[in-house]
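Analysis of the macromolecular model
The chain contents come next:
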Amino acid sequence: MEHQGIIPLARSVETGNLAPLKKPITIAGGGLAGLSLGIALQSRGVAVTLHEASAYPRHRVCGEFISGVGRETLATLGIADCLDDATHLQSASWSDSAGRLAEMQAPGRGISRWKLDDHLQRQFLSLGGTLVTNSRIAPDSGIIWAAGRPRQPSPWLGLKCHARNLPLTHDLEMFTSPGGYIGLAKIEDGMVNICGLFKARPARGAKGSALLLTMLREASLHALADRLEAADLDESSFCGVAGFQTGLQTGPTFSIGDAASMIPPFTGNGMSMAFESAECALQPALDYAAGCKSWLEAAEASTASQDSRFKRRLTTAAILHQLLMNRAALRITRTLARRKMLPFQTLLHLVR
Ligand SMILES: Cc1cc2nc3c(=O)[nH]c(=O)nc-3n(C[C@H](O)[C@H](O)[C@H](O)COP(=O)(O)OP(=O)(O)OC[C@H]3O[C@@H](n4cnc5c(N)ncnc54)[C@H](O)[C@@H]3O)c2cc1C
């Protein structure tokens, strides 16, 4: 019910004082965007019910390399502690099928979604939030939509798998080919996350890590496939996803995270954007809960805030993604990289 001049009051449990009663909020999707917004709202006295289609802990297709998220964002959302187990990453390299192209600094953190999402859901529960797992709900007005990348036709196939006994030359190793790209990132407990985005259709019959290795060989990344074959691949962590598009999404009015916009994965900025989008939605959602904004006004304020924050990086990343996937452009980029003529730090800045 919308606020119509009379503000209902409730007695605060902590102080015993009368305070304006805040409207409860429902969120669909317990990934990074939904859980972090849920935590931030719940800690500000808004009762949140969050529906998650699966249960925790669980693996997600993700490079598990977080970069670009600011301390203020984590502090505002109240989730900084959830990243305590993350490994601090610094060095990065970029290679193709012919060998190393460049080395660079790419500061970030590595942590599995198995661990990170589990930390976040525990924090949400500890604040009194209501979490309904194994609950896939349909979009409806009055629900904040944080249900991740919407399904749509696309040529992309995302695969991920954890490995042990896989020595890395850099904290993050990136490999590109016109058929796709793949990143190896150090995560917690000495594990390495392997995650790739591929253009080709999966080979019929191949499953699990065998599918990942097939895709690597089809992308002519044979040396990398040999390295992975020699490592201990954790089959239980293998997951895949298809049917999604990067860029702005046309989902329900009040959407956050990938449900609102998805930056191409090579940027390593999607998780940061999920947190930042929760930050963009926080004040509008609080205004709605306090009766100062209608649902539509709150949704529009959240969208406007995300648009202005993400426009530049989404546009730049879309152009770079096209170049990465284009054989001729990749050849030129490769030459520039070998001659140390690519401004990596500027490019990294533009997609953050
Ligand atoms: C191949 C690949 C590699 C990537 N690598 C990186 C990387 O290295 N670094 C980085 O920062 N980002 C990376 N990303 C992007 C990153 O994973 C996403 O941007 C991030 O997960 C978005 O978080 P989210 O909360 O919006 O969505 P998600 O994490 O997808 O969470 C959505 C949640 O909603 C649930 N759900 C779905 N439908 C419903 C429903 N109807 N009702 C209830 N619940 C529902 C799902 O089960 C899920 O738990 C990568 C993405 C891909 C595809």
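Our subject is the structure listed above.
1. Focus on the pattern of salt bridges
- The tally for this structure, following the rule as stated, stands at 16 salt bridges.
- E64 is the salt-bridge partner of K160, the closest N and O atoms lying 2.5 Å from each other. Of the two residues, K160 is situated in strand β10 (residues 157-164) and E64 in the loop between β4 (48-51) and β5 (65-66); the sequence distance between them amounts to 96 residues.
- For E64, a relative accessible area of 0% gives the class buried.
- A salt bridge links D287 to K293; its shortest N-O distance comes to 3.4 Å.

2. Quick notes on the site of the ligand
- Near the ligand, the surroundings consist of 37 residues, among which E52, R60, G63, F65 and R113 are the closest.
- In the environment of the ligand, an oxygen atom lies 2.6 Å from a nitrogen or oxygen atom belonging to the side chain of R60.
- A distance of 3.1 Å is found between an oxygen atom of the ligand and a backbone nitrogen or oxygen belonging to G270.
- Here the ligand, which alone exposes 990 Å², has 95% of that area covered by the protein.
- Contributions of two or more residues to the shell around the ligand are made by α1 (32-42), β13 (192-198) and α6 (270-289).

3. Topic: the environment of R338
- Structurally, the position occupied by R338 is in helix α8 (residues 327-338).
- Looking at R338, the relative accessible area reads 43%, which means it is partly exposed.
- Along the chain, R338 and Q121 lie 217 residues apart, while their C-alpha atoms are 44 Å from each other.
- Setting aside chain neighbours within four positions, we find R338 in contact with D96, A98, G99, R100 and L101.

4. Structural notes on α6
- Between the first and last C-alpha of α6 there are 27 Å, a value that for 20 residues agrees with the 28 Å anticipated at 1.5 Å per step.
- The sharpest bend along α6 measures roughly 35 degrees and falls at L282, with the proline P284 sitting one to four residues further on.
- Among the 20 residues in α6, 18 count as buried, and that is most of the element.
- Where α6 ends, the next residue or the one after it, G291, has phi of about 85 degrees, a positive value.

5. Notes on the layout of surface pockets
- Reported here for the second largest pocket is a volume of approximately 360 Å³.
- Along its surface, the second largest pocket is lined by 23 residues, and L248, Q249, A260, S261 and D307 are the ones closest to its centre.
- Mapped onto the lining of the second largest pocket, the elements with two or more residues apiece are β15 (247-248), β16 (261-262) and α7 (295-324).
- Looking at the lining of the second largest pocket element by element, the count peaks at eight residues for α7.
- Its residues placed into classes, the lining of the second largest pocket shows ten nonpolar, eleven polar and two charged.

6. Concerning the sheet that holds strand β7 (residues 99-110)
- Here we have eight strands laid out as an open sheet, ordered β5-β7-β6-β11-β12-β13-β10-β14, and mixed in their pairing. The strands lining the two open edges of the sheet, one partner per strand, are β5 and β14 (232-242).
- In this structure, strand β6 (residues 87-96) lies alongside β7, joined through nine bridges in antiparallel fashion. Bridging from a neighbouring strand, A92 pairs with M104 of β7.

7. Quick look at the pairing of β6
- Here β6 folds back onto β7, and the loop between the two strands holds two residues.
- Pairing of β6 with strand β11 (residues 172-177), which is carried by four bridges, proceeds in the parallel orientation. Considered in β11, the bridge of S93 is made with E173.

8. Thoughts on unusual backbone geometry
- Between Y56 and P57 the backbone carries a cis peptide bond, its omega angle lying at -10 degrees.
- With respect to the secondary-structure elements, P57 resides in the loop between β4 and β5.
- Of note, N134 is a non-glycine position whose phi angle comes to about 50 degrees, a positive value.

9. Concerning the packing of aromatic side chains
- For the structure shown, the criterion picks out three aromatic pairs.
- Note on F254 and W295: the rings are 5.1 Å apart at their centroids and 50 degrees apart in plane angle, and the pair reads as tilted. Placement of the pair is F254 in the loop between β15 and β16 and W295 in helix α7, with a sequence separation of 41 residues.
- Since its relative accessible area comes to 1%, F254 is described here as buried.
- Considering the side-chain rings of Y288 and W295, the 5.0 Å spacing of their centres and the 85 degrees angle between planes classify their relative orientation as edge-to-face.
- When its relative accessible area of 13% is taken as the criterion, W295 is described as buried.
- Three or more aromatic residues link up through ring pairs in this structure, and these residues are F254, Y288 and W295.
- Above the face of the F244 ring, R149 is positioned so that its terminal group lies 5.8 Å from the ring centre.

Thresholds, definitions, all that
- Residues numbered from 1 in each chain as written.
- Predicted model: local features only at pLDDT ≥ 70, side-chain atom pairs only at ≥ 80, totals over all residues.
- Heavy atoms only, no water.
- Salt bridge = Lys/Arg side-chain N within 4 Å of Asp/Glu carboxyl O.
- Helix = DSSP H or I, 4+ residues; strand = E, 2+ residues; numbered from the N terminus.
- Buried < 20%, exposed > 50% of the residue type's maximum accessible area, 1.4 Å probe, protein only.
- Near = heavy atom within 4 Å.
- Polar contact = N/O pair within 3.5 Å; in protein donor to acceptor, adjacent residues only side chain to side chain.
- Areas by Shrake-Rupley, 256 points an atom, 1.4 Å probe, with all protein chains shown as cover.
- Contact = heavy atoms within 4.5 Å.
- Expected span 1.5 Å × (residues − 1).
- Bend = angle between axes of the 7 residues up to and from the residue.
- 1 Å grid on protein atoms, 1.4 Å probe; cavity = no way out; pocket = protein on both sides within 12 Å on 5 of 7 lines; lining within 4 Å.
- Points joined across faces, edges and corners; volume = space filled by probe spheres on them.
- Nonpolar A, V, L, I, M, F, W, Y, C, P; charged D, E, K, R; others polar.
- Pairing = 2+ DSSP bridges.
- Phe/Tyr/Trp six-rings, centres within 6.5 Å; stacked < 30°, edge-to-face > 60°.
- Lys NZ or Arg CZ within 6 Å of the ring centre and 35° of its normal.

Treat this as a map of the structure, not an account of what it does.
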